[in-house]
Amino acid sequence: MTTLPNIDSAAGEAALDRELKGLIADVLGLDLAQAESFGPDTGLFGHLPELDSMAVAGLLTEMEDRLGIVIEDDDVDGEMLETYGGLLAFARAKLDPR
Amino acid sequence: MISTWNIPASDGGLPGEELLVSFDRGRQSRLLICPGWFDEANKLRRFTLEVMRRLDRVGIDTLLPDLPGCNESTAPLENQTLEGWRAGMVSAADLLGATHVLAIRAGALVVPSALPGWHYAAQSGPKLLRGMIRARIIASREAGIAETSKELIARGKDAGLVLAGWPIGPALFRAMETAEPALAPGQSDIAQSALGGTGLWLRAEPDEDAGQADHLAALVAKKIAETAQ
């Protein structure tokens, strides 16, 4: 598991962004440079044909391992999976549930 | 290179015939491969064969038997059990004269304990099951059907469950809930980090990575050479 710095800080936010992009790059078989171009509105589940339910399940399990979070059934909804911004916001909220 | 092997029937009936992919030139070191399971088996199939090709080039025989219910098998997957698969791998090791074993991911759950060898990125039963149940929940939700892991687990234990397209019978489902890879004497782990890059089972689609295949084959070849001394 990668230890992320305090996500209140800009450095922490950047680290989370990098970690999440790296993870999606691993799942999609992209270079990190290609994943760097992901923006908040970049479409994920439902937009990329190769990102099927099994791939998304693998992505979520890997997120749990790398970020040290637990994702419940109820957490998983269309909104969090649809865009990169939705997934990032979800990860941020999980890491800092205040 | 592509042939079959005969798996003895557990009830004393006629043996079953299953596919065997091998690089068998009757050499001294013969590595049995216990492949990954289900979706991971497909994602890692090419990688597995690439590792076998590299080992062939350095003088090591490799044997990749299908278990009943997998790949081209005519046996129904929903009838398979963890004990049956374990016994199947022990039979394969004996019949094929394996000297070492390499388990890949959940293959570590059925590795014969009598052989020295390695567990590459071993996967536990509960983790594998959790990922497959999650995939089913996501797919169902897309189709407008609400399912929870709690009710799916209850159903799986009772009557079996189709997860990501694989019909898993109740006995295998229950066994997977607690199955953990165990290193027998002479066996050790090879972590994904030793190969460089991330595991190919994570990829959305089957892929290959020559560098990772090089690393795993080199590690196994080196360790086999060490055990031969």
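Computed from a predicted model, the values in this text were never measured in an experiment. (Residues numbered from 1 in each chain as written. Chains lettered and ligands numbered in written order. Predicted model: local features only at pLDDT ≥ 70, side-chain atom pairs only at ≥ 80, totals over all residues. Heavy atoms only, no water.)

Caption draft 1: Highlighting the interface of chain B and chain A. Taken together, the contact between chain B and chain A spans 20 residues of the former and 24 residues of the latter. Considering only the side of chain B, the residues that lose the most area to chain A are Arg-134, Ile-138 and Leu-202 of chain B, jointly responsible for 33% of the buried surface there. Viewed at the interface, chain A and chain B are joined by three salt bridges. Notably, a salt bridge pairs Arg-134 of chain B with Glu-64 of chain A, separated by 3.1 Å at the nearest N-O pair. The tally of links between chain B and chain A comes to 10 residue pairs in polar contact (both at pLDDT 80 or more). Tallied by class, the residues present in the side of chain B that touches chain A amount to eight nonpolar, four polar and eight charged. (Contact = heavy atoms within 4.5 Å. Buried area = accessible area lost by both parts, 1.4 Å probe. Salt bridge = Lys/Arg side-chain N within 4 Å of Asp/Glu carboxyl O. Polar contact = N/O pair within 3.5 Å; in protein donor to acceptor, adjacent residues only side chain to side chain. Nonpolar A, V, L, I, M, F, W, Y, C, P; charged D, E, K, R; others polar.)

Caption draft 2: Geometry of helix 6 (residues 210–228) of chain B. All names here are of chain B. The terminal C-alpha atoms of helix 6, which comprises 19 residues, lie 27 Å apart, in line with the 27 Å expected from a rise of 1.5 Å per residue. Of all the positions in helix 6, only Gln-212, Ala-213, Leu-216, Ala-217, Val-220, Ala-221 and Ile-224 are classed as buried. The buried residues of helix 6 occupy an angular sector of 155° when projected down its axis, which confines them to one face. Where helix 6 is buried, its residues contact strand 3 (30–34), helix 1 (38–57), strand 5 (100–104), strand 6 (117–120) and strand 9 (187–190). Measuring from the backbone nitrogen of Gly-211 back to the side-chain oxygen at the start of helix 6 gives 3.0 Å, which picks out Asp-209 as the cap. (Helix = DSSP H or I, 4+ residues; strand = E, 2+ residues; numbered from the N terminus. Expected span 1.5 Å × (residues − 1). Buried < 20%, exposed > 50% of the residue type's maximum accessible area, 1.4 Å probe, protein only. Arc of directions from axis to C-beta.)

Caption draft 3: Structural context of the confidence of the model for chain A. For chain A, the average pLDDT comes to 87, and 91% of its residues sit at 70 or higher. For chain A, the element scoring lowest by mean pLDDT is helix 2 (residues 32–35) of chain A, at 86; helix 5 (residues 84–95) of chain A scores highest, at 94. (pLDDT = per-residue confidence, 0-100.)

Caption draft 4: Layout of the packing of helix 3 (residues 125–142) of chain B against helix 4 (residues 149–159) of chain B. Residue and element names in this part refer to chain B. Axis separation between helix 3 and helix 4 bottoms out at 10 Å; the angle between their running directions is 120°. Taken as axis vectors, helix 3 and helix 4 run oblique relative to one another. Here helix 3 runs over helix 4; the crossing is right-handed. In this structure, helix 3 contributes Ile-133, Arg-136 and Ile-137 to the contact, and helix 4 contributes Ser-149, Leu-152, Ile-153 and Arg-155. Residue classes in the contact of helix 3 with helix 4 are distributed as four nonpolar, one polar and two charged. (Axes fitted to C-alpha atoms, helices over the stretch in contact; angles between N-to-C directions. Parallel < 35°, antiparallel > 145°, perpendicular 65-115°, else oblique. Left-handed = near helix turned anticlockwise from the far one by under 90°.)

Caption draft 5: Spotlight on helix 5 of chain A. End to end, helix 5 of chain A covers 17 Å across 12 residues, agreeing with the expected 16 Å (1.5 Å per residue, within 8%). Where helix 5 of chain A is buried, its residues contact helix 1 (10–28), helix 3 (53–67) and helix 4 (78–82) of chain A.

Caption draft 6: The packing of helix 1 of chain B against helix 6 of chain B, seen in detail. Residues and elements named next belong to chain B. Remark: helix 1 packs on helix 6, axes separated minimally by 9 Å, with the N-to-C direction vectors making an angle of 50°. Put simply, helix 1 runs oblique to helix 6. Judged by the sense of rotation from one axis to the other, the crossing of helix 1 with helix 6 is right-handed. Here helix 1 contributes Phe-47, Glu-50, Val-51, Arg-54 and Leu-55 to the contact with helix 6, which in turn contributes Ala-210, Gln-212, Ala-213, Asp-214, Leu-216, Ala-217, Val-220 and Ala-221. Of the residues belonging to the contact of helix 1 with helix 6, the class tally is nine nonpolar, one polar and three charged.

Caption draft 7: Here's a closer look at the confidence of the model for chain B. Chain-level statistics for chain B give a pLDDT mean of 95 and a share of 100% at 70 or above. Across the interfaces of the predicted complex, the ipTM metric reaches 0.82, alongside a pTM of 0.92.

Caption draft 8: Quick peek at the pattern of salt bridges. Residue and element names in this part refer to chain B. The final tally for this structure, using the stated rule, is 25 salt bridges over all chains. For Arg-53, the salt bridge is made with Glu-50, and the minimal N-O distance between the two is 2.7 Å. Here the residue Arg-53 and the residue Glu-50 both occupy positions in helix 1, the gap between them amounting to three residues, near one helical turn. Residue Glu-147 is joined to Arg-136 by a salt bridge in which the shortest nitrogen-to-oxygen separation is 2.8 Å.

Caption draft 9: Structural view of the nonpolar core. In terms of nonpolar packing, the biggest core is built from 59 residues, with Met-63 of chain A together with Tyr-120 of chain B touching the most fellow members. No other element matches helix 1 of chain A, which puts seven residues into this core. In contact with Met-63 of chain A, other than residues within four places in its own chain, are Leu-20, Leu-23, Gly-68, Ile-69, Ile-71, Leu-87, Phe-90 and Ala-91 of chain A. Grouped together as the second largest cluster of nonpolar side chains are 42 residues, Leu-63, Ala-106, Ala-175 and Ala-179 of chain B included. (Core = buried A, V, L, I, M, F, W, Y, C linked by side-chain atoms within 4.5 Å.)

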